[in-house]
Amino acid sequence: MNELISNLSMYFEHSFVRYALIAGVLIALCSSLLGVTLVLKRFSFIGDGLSHVAFGAMAIAAVLNFTNEMLLILPITVISAILLLAGGKNRKIKGDAAIAMISVGALAVGYLLMNLFSSSTNISGDVCTTLFGSTSILTLSALDVWLCVILSVVVVAVFIIFYNKIFAVTFDEDFARATGTNAGAYNLLIAVIIAVIIVLAMNLVGSLLISALVIFPALSAMRVFKNFRAVTICSAVFSVFCAVTGLLIAILCGTPVGSTIVGVDIAGFLVFYIIGVIKK
C-alpha cells in the first residue's frame, strides 16, 4: 500500500497527470448530467453519431494542419447536432436513420481523408488513438485544460439554470409545450450541449467509447434510484469516481485510458445492478 501511494505521489509530480485528472473529472461530470436526459428520451445514440462526426472533423483539421483542432471540431459537431435534431422531425429521414447516415458517413470520410492526405507515417496508430483515446488524455497542454474547464463550467451552469425546463421536456414534452415551454428550443439546447461534451470526451475515451461515458452512469444510477434528481446526482458521482479510478489504473498499469475507464464503468454498472436486484 505504501509503495502504491509513493508511486501515485511520484506520478502527480508531473503536470500531464494533473492535467489528465482535471480534464477527466470535468468531462465525466458533464457527460453524466446530460446522460440521464438522453437515456430517458431514448436518444442515447446521438452521442455515438456525434462522436463519429467529431472524428471526421478531426481528420479534416489534421489535413488542413490546424494548430488548434478544437476550433474546427467544435463548430462542425454542434452544427451536426442541430441537423440531427432537424432530421428527427423530418418525416422522410427519421431520427435513427439520420444518426446512422451522418455517423457512418463522417467516419468513412474521416478515415479516407487520413489515408489520402496523411501527414504521418503511422496512420493506424493515429486512427487507433483517435478512436480509443489511448494516450491523448496524457498529452494535454495547459491551453487544452483551460478550454476544458471553461466549456465544462458553461455546460454545468446551463444545466443548473435550465434544470426545471430540461426536466419537463425530458419526461413529458407534450405537456411542456401545453404549458408554454418552447420544447424545440430546449431540445436544441440539449443537442448543442451534448455536442460540446462529445468534443471534450474525445481526448478522454476516444470516438468509439464516448457513448459508454454518457450511458453507463445514467443506467447504473437508475438501477438504484427512481427520482430524477437522485439519479442525476448519483450518475455524476458514479461517473467521476469511475473516471478517476480508470485514469489511476491506466497510469499505474500502463493500460489504454479510454478502455480502462469504460471497463470500470461496466464493473460499476454490475455492482449497481446487483444492488438494485437486492433492493427489489
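**Student:** Would you mind going over the overall build of the chain with me for this structure?
**Tutor:** Of regular secondary structure, the chain possesses 13 helices and zero strands. The secondary structure elements of the chain, listed N-terminal to C-terminal, are α-α-α-α-α-α-α-α-α-α-α-α-α. Relative to its full complement of 280 residues, the chain shows a buried share of 46%. Nonlocal contacts in the chain, meaning residues at least 24 apart in sequence, comprise 74% of its contacts between residues at least 6 apart. When the accessible area of the chain is evaluated, it comes to approximately 13700 Å², of which 70% is carbon and sulfur surface.

**Student:** Please clarify how the side chain of Ser 80 should be interpreted in this entry.
**Tutor:** Tracing the chain through its elements places Ser 80 in helix 4 (residues 70-89). Looking at Ser 80, the relative accessible area reads 10%, which means it is buried. Not counting residues within four places of it along the chain, the set of residues in contact with Ser 80 comprises Leu 50 and Val 53.

**Student:** Would you mind going over the side chain of Ser 235 with me for this structure?
**Tutor:** Counting through the fold element by element, Ser 235 comes out in helix 12 (residues 228-253). Judged by relative accessible area, Ser 235 falls into the buried class, the value being 0%. If near-sequence neighbours (up to four positions away) are discounted, Ser 235 is found in contact with Ser 32, Val 36, Pro 217, Ala 218 and Ala 221.

**Student:** How do you make sense of the packing of aromatic side chains when you look at a structure like this?
**Tutor:** In this description, an aromatic ring pair is defined by two values, namely the gap between the centres and the angle between the planes. According to the stated counting rule, one finds eight aromatic pairs in the structure shown. Ring geometry for Phe 269 and Tyr 273: centres 6.3 Å apart, planes at 35°, overall tilted. Placement of both Phe 269 and Tyr 273 in helix 13 (residues 257-279) is noted, with a separation of four residues, approximately one turn of the helix. Tyr 273 gets classed as partly exposed once you look at its relative accessible area, which sits at 45%.

**Student:** In this structure, what is going on with the packing of helix 11 (residues 210-224) against helix 13? I would like to understand it.
**Tutor:** In a pair of packed helices, the angle between the axes and the distance between the axes together describe the arrangement. For the pair helix 11 and helix 13, the least separation of the axes is 7 Å and the interaxial angle reads 15°. Judged by the inter-axis angle, helix 11 sits roughly parallel to helix 13. As for how helix 11 packs across helix 13, the hand of that crossing is left-handed. Contact residues: Ala 212, Leu 213, Phe 216, Pro 217, Leu 219, Ser 220, Ala 221, Arg 223 and Val 224 in helix 11; Ile 261, Val 262, Asp 265, Ile 266, Gly 268, Phe 269, Phe 272, Tyr 273, Ile 275, Gly 276 and Lys 279 in helix 13. Each residue belonging to the contact of helix 11 with helix 13 can be placed in one class, and the counts come to 14 nonpolar, three polar and three charged.

**Student:** When you look at helix 8 (residues 163-171) in this model, what are you seeing that I'm missing?
**Tutor:** Residue pairs spaced three or four apart in an α-helix point in one direction, given the helix's 3.6 residues per turn. Buried within helix 8 are the following residues: Tyr 163, Ile 166, Val 169 and Thr 170. Buried residues of helix 8 fall within an arc of 135° about the axis and therefore sit on the same side.

**Student:** Even after reading the chapter, I still don't get the nonpolar core, so can you show me in this structure?
**Tutor:** Side chains of nonpolar character tend, in soluble globular proteins, to be buried together. Of all hydrophobic cores here, the largest spans 64 residues; its most connected members are Ile 27, Leu 34, Ile 46, Leu 50, Ile 194 and Ile 197. Look past the residues within four positions of Ile 46 in its chain and what remains in contact with it is Leu 38, Leu 84, Ile 99 and Ile 194.

What counts, and where the lines are drawn
- Residues numbered from 1 in each chain as written.
- Predicted model: local features only at pLDDT ≥ 70, side-chain atom pairs only at ≥ 80, totals over all residues.
- Heavy atoms only, no water.
- Helix = DSSP H or I, 4+ residues; strand = E, 2+ residues; numbered from the N terminus.
- Buried < 20%, exposed > 50% of the residue type's maximum accessible area, 1.4 Å probe, protein only.
- Contact = heavy atoms within 4.5 Å.
- Areas by Shrake-Rupley, 256 points an atom, 1.4 Å probe, with all protein chains shown as cover.
- Phe/Tyr/Trp six-rings, centres within 6.5 Å; stacked < 30°, edge-to-face > 60°.
- Axes fitted to C-alpha atoms, helices over the stretch in contact; angles between N-to-C directions.
- Parallel < 35°, antiparallel > 145°, perpendicular 65-115°, else oblique.
- Left-handed = near helix turned anticlockwise from the far one by under 90°.
- Nonpolar A, V, L, I, M, F, W, Y, C, P; charged D, E, K, R; others polar.
- Arc of directions from axis to C-beta.
- Core = buried A, V, L, I, M, F, W, Y, C linked by side-chain atoms within 4.5 Å.

Function cannot be read off these values alone, since they describe shape.
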